[in-house]
Amino acid sequence: MAISPTYISLDQARERLNEMQDNPRMVTKSMYSPTATDYTDNRLPFVEVHLAYLRKNKLVDPAKYISNLGIMITQR
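Computed from a prediction, not measured in an experiment: that's the story for all the values here.

1. Here we look at the overall build of the chain
If you tally the helices and strands in the chain, you get three helices and two strands. In terms of overall dimensions, the chain has C-alpha extents of about 50 × 30 × 15 Å along its principal axes. Burial analysis of the chain (76 residues in total) assigns 28% to the buried set. Here the analysis covers contacts within the chain between residues at least 6 apart in sequence; of these, 58% occur between residues at least 24 apart. A total accessible area of about 5800 Å² is found for the chain, and carbon and sulfur atoms account for 54% of it. Taking the 10 positively charged and 8 negatively charged side chains of the chain as two groups, their mean positions are separated by 9 Å.

Here it is, written out as structure tokens:
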């Protein structure tokens, strides 16, 4: 029996990343980027940092990436 992929779209990934960003138990920091002139102090928001990574790395499964990210940034 074949296992169906759990692939999610970038819009769904954005929703999940926004949920993570709104969760006070998760450490979601912005990141400085000299090209982020549209943002305050040139700091890309957490969501945009990870969406940019997913756009650049097309072979990465967004569902697995976000799942692993959630484990890494959860405060215990």
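After that view, the rundown keeps rolling.
2. Overview of the environment of Lys58
Within the secondary structure, Lys58 sits in the loop between α2 (46–56) and α3 (62–73). Residue class for Lys58 comes out exposed when judged on its relative accessible area of 66%. Distance from Lys58 to Lys29, taken between C-alpha atoms, is 23 Å for residues 29 residues apart in sequence. In this structure the side chain of Lys58 is engaged in a polar contact, spanning 3.2 Å, whose partner is the backbone oxygen of Arg55.

3. Some words on the packing of α2 against α3
The contact between α2 and α3 brings their axes to 11 Å, and the two run at 140 degrees. Classified by the angle their axes make, α2 and α3 are oblique. Where α2 crosses over α3, the handedness of that crossing is right-handed. Residues Phe46, His50, Tyr53 and Leu54 of α2 lie in contact with α3, whose contacting residues are Pro62, Tyr65, Leu69 and Ile73.

4. Here we look at the packing of helix α1 (residues 10–22) against α2
Across the interface, α1 lies against α2 with an axial gap of 9 Å and an inter-helix angle of 150 degrees. On the basis of their axis angle, the class for α1 and α2 is roughly antiparallel. As for the relative orientation of α1 and α2, their crossing is right-handed in sense. Of the residues in α2, those touching α1 at Leu10, Ala13, Arg14, Leu17, Asn18, Met20 and Gln21 are Phe46, Val47, Glu48, His50, Leu51, Leu54 and Arg55. Residues that form the contact of α1 with α2 fall into these classes: eight nonpolar, three polar and three charged.

Definitions and limits used
Residues numbered from 1 in each chain as written. Predicted model: local features only at pLDDT ≥ 70, side-chain atom pairs only at ≥ 80, totals over all residues. Heavy atoms only, no water. Helix = DSSP H or I, 4+ residues; strand = E, 2+ residues; numbered from the N terminus. Buried < 20%, exposed > 50% of the residue type's maximum accessible area, 1.4 Å probe, protein only. Contact = heavy atoms within 4.5 Å. Areas by Shrake-Rupley, 256 points an atom, 1.4 Å probe, with all protein chains shown as cover. Lys, Arg positive; Asp, Glu negative; His and termini not counted. Charge placed at Lys NZ, Arg CZ, Asp CG, Glu CD. Polar contact = N/O pair within 3.5 Å; in protein donor to acceptor, adjacent residues only side chain to side chain. Axes fitted to C-alpha atoms, helices over the stretch in contact; angles between N-to-C directions. Parallel < 35°, antiparallel > 145°, perpendicular 65-115°, else oblique. Left-handed = near helix turned anticlockwise from the far one by under 90°. Nonpolar A, V, L, I, M, F, W, Y, C, P; charged D, E, K, R; others polar.

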